Amino acid sequence: MPVTVDAQLQELPYDIASRVAYDVMHDVFAVHNEFGRFMDENIYRDEIAQRVSGVRTEVLIEVTFRDFRKPYFMDMLAQGSFVFELKTVEKLVHRHRSQLLNYLMLADLRRGKLVNLRSELLEHEFVNTRLTHHDRTVFSVRDVDWREPETDLANVKELMVEILRDWGAGLDLHLYEDALTHFLGGKERVMTEIDIVLGDRTVGRQKIRLSGPRTAFKITALGDGGMTRFEDHARRFLQHTRLESIHWINVTRTYVTFRTLNKERTGR
């Protein structure tokens, strides 16, 4: 199994799931009112779990592919169906929603709730998905501008497509990057500091991931407009390094695009 969850999962009808969410949130509000907003996240989580039946905390999700493994932990799982992700932050932002959505898709569940207990008035919102694991494994590949990196360890395009057919698209991009890093030789080989240069002057050093000699790799999840802007900035980045190219993989729900961006020659 590519993804295993250390819990008995079930898909509840909408009305029952809504009732589960309502019951848990009743106790979330009660705990927040009693403790205030300055406790650590684990204090809130453990106290809520004490008050609500059918709730498990720190539920392990393990993602595997061949000999690669990565663990995730869901804060709270209610009735094996509804995921609660608790935060103690100034404000909920997009990455928090993406984190919960990642858990839902990995566990192949539909409904979750994001809760921020640091705010003076409890901040909470639903995060739901209708996409199934099967939905996320159906995509087309675009690779006209791709040149396979020079490595004796893995065919990057073939490997990435195989991973996506196994796990599905739409997941945490760091998960895909960590998997490719593993199969390209691990962090010690792939994670490298390079010089950032301006003319003959070294401005500083920056850590990147290499897919081959003098070639970086990057995975994104951008729409067409975002891809255009990314390419513009990636080409500027290349011009201020001693890299030759960037292997760029853009993952969306319907297309996976493989492109090799080569450094433009200035003639100097």
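See above for the structure.
Reading the values: rules and limits
- Residues numbered from 1 in each chain as written.
- Predicted model: local features only at pLDDT ≥ 70, side-chain atom pairs only at ≥ 80, totals over all residues.
- Heavy atoms only, no water.
- Helix = DSSP H or I, 4+ residues; strand = E, 2+ residues; numbered from the N terminus.
- Expected span 1.5 Å × (residues − 1).
- Salt bridge = Lys/Arg side-chain N within 4 Å of Asp/Glu carboxyl O.
- Buried < 20%, exposed > 50% of the residue type's maximum accessible area, 1.4 Å probe, protein only.
- Pairing = 2+ DSSP bridges.
- Axes fitted to C-alpha atoms, helices over the stretch in contact; angles between N-to-C directions.
- Core = buried A, V, L, I, M, F, W, Y, C linked by side-chain atoms within 4.5 Å.
- Contact = heavy atoms within 4.5 Å.
- Phe/Tyr/Trp six-rings, centres within 6.5 Å; stacked < 30°, edge-to-face > 60°.
- Lys NZ or Arg CZ within 6 Å of the ring centre and 35° of its normal.

(A) Broad picture of helix α4 (residues 156–167). Taking 1.5 Å per residue, twelve residues should reach 16 Å; α4 reaches 16 Å between its end C-alpha atoms and fits that length. The positive-phi residue at the C-terminal boundary of α4 is Gly 168, with phi of around 95 degrees.

(B) Highlighting the pattern of salt bridges. All chains considered together, the criterion is met by 24 salt bridges. With a shortest N-O distance of 3.1 Å, Arg 45 and Asp 46 are connected by a salt bridge. In this structure, Glu 47 engages Arg 51 in a salt bridge whose closest nitrogen and oxygen atoms are separated by 2.8 Å. In this pair, Glu 47 and Arg 51 both sit in helix α2 (residues 41–51), four residues apart, roughly one turn of the helix. Judged by its relative accessible area of 23%, Glu 47 falls in the partly exposed class. Taking the relative accessible area as the measure of exposure, Arg 51 reaches 31% and is therefore partly exposed. Salt bridges here are not isolated pairs; linked through shared partners, they connect Lys 70, Glu 177, Asp 178, Arg 209 and Lys 218.

(C) Fine view of the sheet that holds strand β12 (residues 255–262). Read from one edge to the other, the open sheet built from six strands follows the order β7-β12-β11-β10-β9-β8, with strand pairing classed as mixed. Whereas interior strands pair on both sides, the edge strands pair on one side only; in this sheet they are β7 (140–142) and β8 (191–198). For this sheet, the mean angle separating the axes of adjacent strands, direction not counted, is 30 degrees. With three bridges connecting them, β7 and β12 associate as parallel partners. For Arg 142, the partnering residue across the bridge sits in β12 and is Thr 257.

(D) Quick peek at the pairing of β8. Relative to strand β9 (residues 201–212), β8 runs antiparallel, the two being bridged by eight bridges. The partner of Ile 196 across the bridge, within β9, is Gly 204. Once β8 ends, the chain turns through two residues before running back antiparallel as β9, passing Gly 199 with a positive phi of about 65 degrees.

(E) Focus on the nonpolar core. Counting 47 residues, the largest nonpolar core has Ile 61, Met 160, Trp 167 and Ile 249 as the members making the most contacts within it. Sort the elements by how many residues they give to this core and α4 lands first, with seven residues. If we ignore the near neighbours within four places in the chain, the residues touching Ile 249 are Trp 146, Val 156, Met 160, Leu 180, Lys 218, Ile 219, Thr 220, Val 256, Thr 257 and Phe 258.

(F) Quick peek at the packing of aromatic side chains. Within the structure shown, the criterion is met by nine aromatic pairs. Here the aromatic rings of Phe 65 and Trp 167 are separated by 6.3 Å at their centres, their planes lie at 80 degrees, and the arrangement is edge-to-face. Taken together, the residues span a long stretch of sequence, with Phe 65 in strand β2 (residues 55–65) and Trp 167 in helix α4 at a distance of 102 residues. We note that Phe 65, like Trp 167, is buried. Measuring from ring centre to ring centre gives 6.2 Å for Trp 167 and Tyr 176, while their planes differ by 25 degrees; the resulting arrangement is stacked. For Trp 167, a relative accessible area of 2% translates into the label buried. Among the aromatic residues, those joined into a ring-pair cluster are Phe 65, Phe 68, Trp 167, Tyr 176 and Phe 183. Here the guanidinium or amino end of Arg 66 rests over the ring plane of Phe 183, the centre of that ring lying 5.7 Å away.

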